[in-house]
Amino acid sequence: FETAEVSNLPVSARIEPAGKGAPVHRLLIRPGAGEAANYIIANQCCHMLRLYSAPAEKRMIPIANRRTMMSYIMETEEDIQRIGDSLGRDKIKKLVTMWYEGVVYQLTKMPPDIMIDKWLYDKCPEMRPVQLNSIRRQRDIAILSISEDLKSITPLKIYNSSNIMNYVFFKTLEDHFHLDFVAPYHNTPFIFEGGPLAKITEQQYDNTHEGDNDMINKWAERLNLTKWFEWKHYES
């Protein structure tokens, strides 16, 4: 590892893994990041440990590209057109990319994050206060997306998929931590699809890198998002 402070880093901390043309892992920290950076660093280290624990030929990672983004645009075209008519061309162009990146990030990161958070909670009790504070902040932001006002200016597939994945994430962690994370979802439709997906996640997860990828595929199939990303070998 090499460590550097980066003043304009958009997050508290980030790890850039080694690879072609990058001989070492780089730990980037924003000055004044605070204690939350400890949880982010631990989380990203766990992602790397899971990746490198797999046989080299099976280290696959999900990626988005122009082709997968076109699939997303084609599937949400009518909603994009409807929202663009009311918000204007310039604003909708930014939103189209933001929606796509956001939902693909959830889809490809939340399943392994569930297993990582369970592991950190069990194995690193000294980190629990920082971890739980971070997860609660994430939950508080997530429940804002339940808003009916937001629904009117978001493609329905994005709105539903994002909220279902949030529910599954917080439901599985709620059960493990014995805390109440999902009360705000009780009067929403997201529990009807999210409940069965949470059970699949809890009961069918193989706790490995390959299991992470299998569960990402299971989520994608349930939410009909299989064409919105593709798999590439880590070294490529």
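That block above? That's the structure.
Novice: When you look at helix α5 (residues 128–142) in this model, what are you seeing that I'm missing?
Specialist: Every α-helix carries 3.6 residues per turn, so stepping three or four residues along brings you back to the same face. Under the 1.5 Å per step criterion, the end-to-end length of α5 is 20 Å for 15 residues, consistent within 8% with the ideal 21 Å. Every buried residue of α5 is accounted for by V130, Q131, L132, S134, I135, R139 and A142. Contacts made by the buried residues of α5 are with α1 (36–53), α4 (89–123) and α7 (156–177).

Novice: Please explain the packing of helix α2 (residues 66–75) against α4 as it appears in this structure.
Specialist: In a packed pair of helices, the relevant descriptors are the angle between the two axes and the axis-to-axis distance. Where α2 meets α4, the closest approach of the two axes is 11 Å, and the angle between their N-to-C directions is 110°. Relative to α4, the element α2 is oriented roughly perpendicular. Together, T68, M69, Y72 and I73 of α2 and V96, T97, W99 and Y100 of α4 make up the contact between the two elements. Broken down by class, the residue content of the contact of α2 with α4 amounts to six nonpolar, two polar and no charged.

Novice: Teacher, can you tell me more about the state of the cysteines here?
Specialist: Joining two cysteines, a disulfide is a covalent bond between their sulfur atoms. For the coordinates displayed, the defined rule picks out zero disulfides. The cysteine C45 is free of any disulfide, with C46 supplying the nearest cysteine sulfur at 7.1 Å. Left unpaired, C46 is separated from the closest cysteine sulfur, that of C124, by 7.0 Å. Taking the relative accessible area as the measure of exposure, C46 reaches 9% and is therefore buried.

Novice: Just checking my understanding: could you explain the packing of α5 against α7 for this structure?
Specialist: One way to put it is that α5 packs onto α7 with a least axis distance of 11 Å and a crossing angle of 150°. When the interaxial angle is binned, α5 and α7 end up roughly antiparallel. Where α5 crosses over α7, the two elements pack in a sense that is left-handed. Taking contact as the criterion, the partners of Q131, L132, I135, Q138, R139 and A142 in α5 are, on α7, N163, N166, F169, F170, L173 and F177. Taken together, the residues of the contact of α5 with α7 break down into seven nonpolar, four polar and one charged.

Novice: Any chance you could explain the pattern of salt bridges here in plain terms?
Specialist: Any two side chains of opposite charge can pair if their charged atoms end up close together. Tallying each qualifying case throughout the model produces 14 salt bridges. The partner of K58 in a salt bridge is E210, and the shortest N-O contact between them spans 3.6 Å. On the criterion of sequence distance, the pair formed by K58 in the loop between α1 and β4 (60–63) and E210 in helix α9 (residues 209–223) is long-range, its members being 152 residues apart. Residue classification places E210 among the partly exposed positions, given a relative accessible area of 34%. The residue R82 makes a salt bridge to D79 at a minimum N-O spacing of 3.4 Å. Of this pair, R82 and D79 both sit in helix α3 (residues 77–87), three residues apart, which is roughly one turn of that helix. The exposure class assigned to R82 is partly exposed, which follows from its relative accessible area of 40%. When salt bridges that share partners are traced, they join E2, R14, E16 and R26 into one network.

Novice: What should I look at first to understand the side chain of K109 in this one?
Specialist: Mapped onto the fold, K109 is located in helix α4. Within polar-contact distance, the side chain of K109 engages the side chain of D113 at 2.7 Å. Dropping the residues within four chain positions of it, K109 is found in contact with N43 and H47.

Novice: For this particular structure, what's the right way to read the environment of V24?
Specialist: Looking at the element boundaries, V24 is found in the loop between β2 (13–16) and β3 (26–29). When its relative accessible area of 32% is taken as the criterion, V24 is described as partly exposed. Separated by 22 residues in sequence, V24 and E2 have C-alpha atoms that sit 6.9 Å apart. Ignoring anything within four residues of it in the chain, the contact list for V24 reads E2, E16, P17 and A18.

How each quantity is defined
- Residues numbered from 1 in each chain as written.
- Predicted model: local features only at pLDDT ≥ 70, side-chain atom pairs only at ≥ 80, totals over all residues.
- Heavy atoms only, no water.
- Helix = DSSP H or I, 4+ residues; strand = E, 2+ residues; numbered from the N terminus.
- Expected span 1.5 Å × (residues − 1).
- Buried < 20%, exposed > 50% of the residue type's maximum accessible area, 1.4 Å probe, protein only.
- Contact = heavy atoms within 4.5 Å.
- Axes fitted to C-alpha atoms, helices over the stretch in contact; angles between N-to-C directions.
- Parallel < 35°, antiparallel > 145°, perpendicular 65-115°, else oblique.
- Nonpolar A, V, L, I, M, F, W, Y, C, P; charged D, E, K, R; others polar.
- Disulfide = S-S within 2.5 Å.
- Left-handed = near helix turned anticlockwise from the far one by under 90°.
- Salt bridge = Lys/Arg side-chain N within 4 Å of Asp/Glu carboxyl O.
- Polar contact = N/O pair within 3.5 Å; in protein donor to acceptor, adjacent residues only side chain to side chain.

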